[in-house]
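Remarks on the overall topology
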Amino acid sequence: MLPAVKLSPGPVVFSGTNLRSRSASVPSVSSLKPSKFVVSSLRPLYLAPLDGPKSAEQKPQRQPLDFKCAASAADDKESSAEVVPRSEAAQKLKISIYFATWWALNVIFNIYNKKVLNAFPYPWLTSTLSLACGSAMMLVSWATRLVEAPKTDLDFWKVLFPVAVAHTIGHVAATVSMSKVAVSFTHIIKSAEPAFSVLVSRFLLGETFPVPVYLSLLPIIGGCALAAVTELNFNMVGFMGAMISNLAFVFRNIFSKRGMKGKSVSGMNYYACLSIMSLVILTPFAIAMEGPQMWAAGWQKALAEVGPNVIWWVAAQSVFYHLYNQVSYMSLDQISPLTFSIGNTMKRISVIVSSIIIFHTPVRPVNALGAAIAILGTFLYSQAKQ
């Protein structure tokens, strides 16, 4: 066994001679050779300074553990991870509401617009009333401060002018098309807008695109051609109106992207300004093309054949035209152009299907196949453009 070392309970005073004499009597640790191992249950020996008797009772302080900081960081990550999914879910819900509202308003507009054109076939006046209604709604909203009026200057309106010209042409051409052919056929032809966008950007602007983008144009063009050839109630004016509308809206998008960079105007106010300027541009042309005398005679005929319902149809198509365009421009502030393009493709599907059901439009299987191929090509185009 190890020899016991006896410590005196009293204070110990170290001196030079005393230290040497006592150190000689205490054996060194290296000289101790235990014969066997012994397990001792004695408490460990604590060495303390000679400041007082209570100091020997003090225990060494424990160091703080690092895992507390790590746990705190983990808690912060968990809390932030909870916030991120909630914000993403709220954003997805908001976009879904935008899309559902956009599609529903567009379907309602196309239905009432076609009803008006069947009873009152004056597309120039119908287009003018749509722009006038939207302009009046936004002017009232600005005057009553329901919506904050945009801060614009002369340069803003100069840049907006070519956009408004293209928007006016596209709007009137689409209305003329729907006055001559079925709504479904107009929207099938309008699904070829990506092809016009690529061709204009390539040959007029010098832009190049990946090979998949060019390949996606084949089903678009082929599907539209198949649908046009097999259309039972084909009309050249209606077909050309849809084609001109495609070309005009492509230029509208190009002018808008180039001119509105750096302009701090919301989507709602931007479309309101666009409607006001388009109304100013369109009104004299509508009077020249149709005129008040034709409108008066056509209105009397519509009231005699349809009755007061035609008033509601005109009001509904004017209001819903502005609302669906306004929501589409508002959604552009929240989503990417790719998502908007996909949403626009799905919108055309909803309009085509709903118009066929409501107006009992006769559709042959080969005609439906052409429409499906064109819409599929539009979807492939949006994916290839990503």
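Note that the structure is predicted; figures quoted are calculated from it, not measured. (Residues numbered from 1 in each chain as written. Predicted model: local features only at pLDDT ≥ 70, side-chain atom pairs only at ≥ 80, totals over all residues. Heavy atoms only, no water.)

Here's the deal with the overall build of the protein
Of the regular secondary structure elements, the protein holds 13 helices and zero strands. When the elements of the protein are put in sequence order from the N terminus, they spell out α-α-α-α-α-α-α-α-α-α-α-α-α. Counting across all 386 residues of the protein, residues that qualify as buried make up 40%. For the protein, contacts bridging at least 24 residues in sequence account for 87% of all contacts bridging at least 6. Summed over its atoms, the accessible surface of the protein is roughly 23,300 Å², and 66% of this surface lies on carbon and sulfur atoms. (Helix = DSSP H or I, 4+ residues; strand = E, 2+ residues; numbered from the N terminus. Buried < 20%, exposed > 50% of the residue type's maximum accessible area, 1.4 Å probe, protein only. Contact = heavy atoms within 4.5 Å. Areas by Shrake-Rupley, 256 points an atom, 1.4 Å probe, with all protein chains shown as cover.)

Details of unusual backbone geometry
Positive phi, normally seen in glycine, also occurs at R145, with a value near 60 degrees. Inspection of the secondary structure puts R145 in the loop between α3 (123-143) and α4 (154-180). Classification of R145 by relative accessible area gives exposed; the value is 75%. Even without glycine at this site, H360 takes up a positive phi of about 55 degrees. Relative to the helices and strands, H360 resides in the loop between α12 (337-359) and α13 (365-384).

Remarks on a nonpolar patch on the surface
A cluster of nonpolar side chains, contributed by I169, F234, M236, M240 and I244, occupies part of the molecular surface with about 450 Å² of accessible area. Ranked by the residues each element gives to the nonpolar patch, the list is headed by helix α8 (residues 236-259), at three residues. Its place among the elements puts F234 in the loop between α7 (211-229) and α8. (Patch = residues over 30% accessible without salt bridge, like charges linked within 9 Å, V, L, I, M, F, W, Y side chains within 5 Å. Salt bridge = Lys/Arg side-chain N within 4 Å of Asp/Glu carboxyl O.)

Side note on the packing of helix α10 (residues 291-305) against helix α11 (residues 309-332)
Relative to each other, α10 and α11 sit at 120 degrees, their axes nearing to 8 Å. As far as their axial angle goes, α11 and α10 are oblique. Between α10, through W299, A302 and L303, and α11, the contact on the second element is made entirely by V310, I311 and V314. Of the residues in the contact of α10 with α11, the class split is six nonpolar, no polar and no charged. (Axes fitted to C-alpha atoms, helices over the stretch in contact; angles between N-to-C directions. Parallel < 35°, antiparallel > 145°, perpendicular 65-115°, else oblique. Nonpolar A, V, L, I, M, F, W, Y, C, P; charged D, E, K, R; others polar.)

Let's talk about the UniProt feature "transmembrane region" (unreviewed entry) in the protein
With numbering aligned to this structure, UniProt lists the feature "transmembrane region" (unreviewed entry) at residues 95-112, 124-143, 236-255 and 267-287. For the annotated span residues 124-143, helix accounts for 100% and strand for 0% of the residues, and the straight-line distance between the end C-alpha atoms is 29 Å. Along residues 267-287 the backbone is 100% helical and 0% strand, and the end-to-end C-alpha distance reaches 30 Å. (UniProt positions renumbered as here; feature names shortened; annotations may be inferred.)

Section: the pattern of salt bridges
The tally for this structure, following the rule as stated, stands at one salt bridge. The partner of R348 in a salt bridge is E193, and the shortest N-O contact between them spans 3.8 Å. Here R348, found in helix α12, pairs with E193, found in helix α6 (residues 193-203); they are 155 residues apart in sequence, far enough to count as distant.

Observations regarding the packing of aromatic side chains
Tallying each qualifying case throughout the model produces 15 aromatic pairs. Put simply, the rings of F99, W102 and W103 touch in pairs and so form one group of aromatic residues. (Phe/Tyr/Trp six-rings, centres within 6.5 Å; stacked < 30°, edge-to-face > 60°.)

A short note on the confidence of the model for the protein
For the protein, the average pLDDT comes to 80, and 75% of its residues sit at 70 or higher. Counting interchain partners and residues more than four positions distant, the pLDDT-below-50 stretch residues 1-26 has eight contacts. Ignoring residues within four places in sequence, the model shows residues 29-41, a span with pLDDT below 50, making five contacts including any to other chains. (pLDDT = per-residue confidence, 0-100.)

A look at the packing of α3 against helix α9 (residues 267-289)
At their nearest, the axes of α3 and α9 sit 8 Å apart, and the two run at 145 degrees to each other. Relative to α9, α3 is oriented so that their crossing is left-handed. Across the contact of α3 with α9, the residue classes tally to 15 nonpolar, seven polar and no charged. (Left-handed = near helix turned anticlockwise from the far one by under 90°.)

A look at the side chain of S135
Inspection of the secondary structure assignment puts S135 in helix α3. Setting aside anything within four residues of it in sequence, one finds S135 in contact with S275, I276 and L279.

Things to note about the environment of A166
Mapping A166 onto the fold places it in helix α4. When the C-alpha atoms of A166 and V250 are compared, they prove to be 8.4 Å apart, with 84 residues separating the residues in sequence. Once you skip the residues sitting within four places of it in the chain, A166 turns out to touch A248, F251 and R252.

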